[in-house]
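For reference, the chains in residue letters:
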Amino acid sequence: MINNKFFGRKRAEPARPIPPGQYLEDGFPVLSAGPTQRVDKATWNFSIEIGDDTVGTWTWDELNALPQTDLHTDLHCVTKWSKQDTDWRGVTIDALLANAGIEAPVGFVMASSDGGYTTNVPSADVIDGKGLLVHTYDGEPLEAEHGGPVRLLIPHLYLWKSAKWIRSLKFIDKDEPGFWERYGYHMYGDPWREQRYTND
Amino acid sequence: MNSAATTDWQIATVTSIHVESPRVKLFTLELPVNTPFRAGQHFDVRLTAPDGYKAQRSYSVSSSPEPASNPTSIELAVELISDGEVSSYFHEAVELGDKIELRGPIGGHFTWSPIAAKPVVMIAGGSGIVPIMSMIRHRSAIAEKAPLLVIFSARTEADIIFVTELESLAANDPSFHLIIALTRSDEATSSNRPIRRFCRIDRAMIESALSNLAVLPSRTYICGGSSFVEAIANHLLDLGTPNNSIRTERFGP
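About the criteria used
- Sequence positions are assigned chain by chain, starting from 1 and proceeding in written order.
- Written order decides the labels, with chains lettered from A and ligands numbered from 1.
- Residue-level local features of this predicted model are given only where pLDDT is at least 70; pairs of side-chain atoms are given and counted only at 80 or more, and the full residue set underlies all totals for whole chains, interfaces and linings.
- In this scheme every C-beta is placed from the backbone, and a residue whose C-beta has 20 or more other C-beta atoms within 10 Å is buried, one with 12 or fewer is exposed, and one in between is partly exposed.
- A run of H or I in DSSP becomes a helix once it reaches four residues, and a run of E becomes a strand once it reaches two; helices and strands are each numbered from the N terminus.
- By this definition, two strands are paired if DSSP reports at least two bridges between them.
- It is the C-beta atoms, placed from the backbone, that decide contacts: two residues are in contact if theirs lie within 7 Å.
- Under the scheme applied here, ten amino acids are nonpolar (Ala, Val, Leu, Ile, Met, Phe, Trp, Tyr, Cys and Pro), four are charged (Asp, Glu, Lys and Arg), and all others, including Gly, are polar.
- For every residue, the predictor reports its confidence as pLDDT, a number between 0 and 100.
- Domain start and stop points were drawn from an automatic or database domain assignment.
- In this analysis an axis means a line fitted to C-alpha atoms, helices contributing only their contacting stretch, and an angle means the value between N-to-C directions, from 0 to 180 degrees.

S.K.: I'm lost on the pairing of strand β6 (residues 108-113) of chain A in this one. Help?
M.R.: Each regular strand carries side chains that alternate between the two faces of the sheet. All names here are of chain A. For β6, a buried count of 5 out of 6 residues is recorded, marking the element as mostly surrounded by other parts of the structure. Across 5 bridges, β6 lies against strand β7 (residues 118-122) in antiparallel orientation. Looking at β7, one finds that Phe 108 is bridged to Pro 122. What sits between β6 and β7 in their antiparallel hairpin is a turn of 4 residues, with Gly 115 showing a positive phi close to 95°. Bridge count for β6 against strand β11 (residues 166-172) is 6 bridges, and the pairing is antiparallel. Within the sheet, the bridge partner assigned to Ser 112 lies in β11 and is Ser 168.

S.K.: Please clarify how the sheet that holds strand β9 (residues 176-182) of chain B should be interpreted in this entry.
M.R.: Each strand in a sheet pairs with its neighbour through backbone hydrogen bonds, running either in the same direction (parallel) or in the opposite one (antiparallel). Residues and elements named next belong to chain B. Here 6 strands make up an open sheet; going across it, the order is β10-β9-β8-β7-β11-β12 and the pairing parallel. Every other strand in the sheet has two partners, leaving β10 (196-197) and β12 (246-251) as the edge strands with one partner each. Bridging between β9 and β10 involves 2 bridges; their strand directions are parallel. Directly across from Ala 181, in β10, lies its bridge partner Arg 197.

S.K.: Whenever I open this one, the interface of chain A and chain B confuses me. Can you help?
M.R.: How big an interface is tends to be reported as the loss of accessible area on association of its parts. With 32 residues of chain A in contact, the opposing surface of chain B contributes 37 residues. Classifying every residue of the side of chain A that touches chain B gives 12 nonpolar, 14 polar and 6 charged.

S.K.: How should I be thinking about the confidence of the model for chain B in this particular structure?
M.R.: Low-confidence regions, as indicated by low pLDDT, have predicted coordinates that should not be scrutinised in detail. Residues and elements named next belong to chain B. Across chain B, pLDDT averages 90, with 91% of residues at or above 70. Between the elements of chain B, mean pLDDT differs from a low of 88, seen in β10, to a high of 98, seen in strand β1 (residues 10-19). Here the predicted complex carries an ipTM of 0.91, next to a pTM of 0.93.

S.K.: Just to check I follow, could you spell out the domain arrangement of chain B for this structure?
M.R.: By the assigned domains, chain B splits into domain 1 (4-106) and domain 2 (120-251). Counting residues at the interface gives 16 residues for domain 1 of chain B and 12 residues for domain 2 of chain B.

S.K.: It is not clear to me how the sheet that holds strand β3 (residues 42-48) of chain B should be interpreted in this structure. Could you clarify?
M.R.: Residues and elements named next belong to chain B. Across the sheet, which stays open at both edges, the 6 strands sit in the order β4-β3-β6-β1-β2-β5 with antiparallel pairing between neighbours. Each end of this open sheet is capped by a strand with a single partner; those strands are β4 (54-60) and β5 (73-79). Each strand axis lies, on average, 40° off the axis of its neighbour in the sheet, ignoring direction. Sheet analysis places strand β2 (residues 24-30) next to β5, joined by 7 bridges and oriented antiparallel. Within the sheet, the bridge partner assigned to Leu 29 lies in β5 and is Ile 74. Packing of helix α1 (residues 85-92) onto the sheet brings it into contact with β2, β3, β4 and β5, and relative to β5 it is tilted by some 110°.

Next up, the structure:
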């Protein structure tokens, strides 16, 4: 449907294309369903589970002792903003799995965070360098309102999949909806296919 | 959970336009199909320019979800954002009878229904009152009269959207406690009414208002700009409000 009186704002072309329905954002908006979580690095830990078994647990110091990866990437939030050229540092899920001496099971992953947030992604989308636990944004410790001290980052999917205040990844055989997915958000969430809601 | 139909695009018709404040206009949109929603949900609007350029934004519903009110129409409140291509289109170009493409309802966490927790506290900054207005109207339309505390922060008297309706509801309902905090005006420049406070919402104001409720709220909703929501949520956590009883919706940067 054409809105004849709508022409859009004349704006600078993005450095690279952005996904359909998105607009370019210079700032870094904060969107969370609840309060910013207060996470103490001294007691924080992160675990990887396969079904009911915990196969690895890392403290803050242990996470920082693992091989660190720098990532330059674009972010796409389902609330329509995209942010290009962001810089992150953290640990790939591959490095965590290698440290635990295991290979990623096929299937799906449920990410869980402080405050009760959860989100689901296929296993294939967190390995091969696609998923990281990040603790540094733009050279500075990740701020709490952006998910610090440690959040998940899976930048090729809408940002609600990159769970803030991450505490565990659980590998599961069958896909299950997480927090927003239960409210009708897409199970996969590919911004380039504009998979915002269930049947997109 | 949203049903399949909720994500289909619909073409709505603008049936009323109301200037609610210098920066906020209310649009009543007639929907082609009955679209049930819950108080607090939003719709996605999609504009398409003649050259094919598209822009999408989300707008919260301010009307009550009551079937009695009109199941096929919703009221959206649009705040004019500087440099906002969609909000400026609504404010400067949209006329009665115009068609608007939208889909929804969307969201489901920032919602309130009478079976939800009670009493309830709702704290809004600026246009953050919009989804909360839907909840307040919903509460007033049904028998539910669990205690409700609303603290609404606006810049000046002229920026208090829905003010007449809010004051009337509060005046006629002893279980509805309303506080309006004005951040950029003082008693000399604003009508001096008992529910006005001339300051930002701070921890002391929240603490005092909470102490006037007979029991602790089992749920608190906060909606507004990011820094507003962040500040209020932190005050509530400092006051011992349980983390999982606080639901937030953050607008804008």
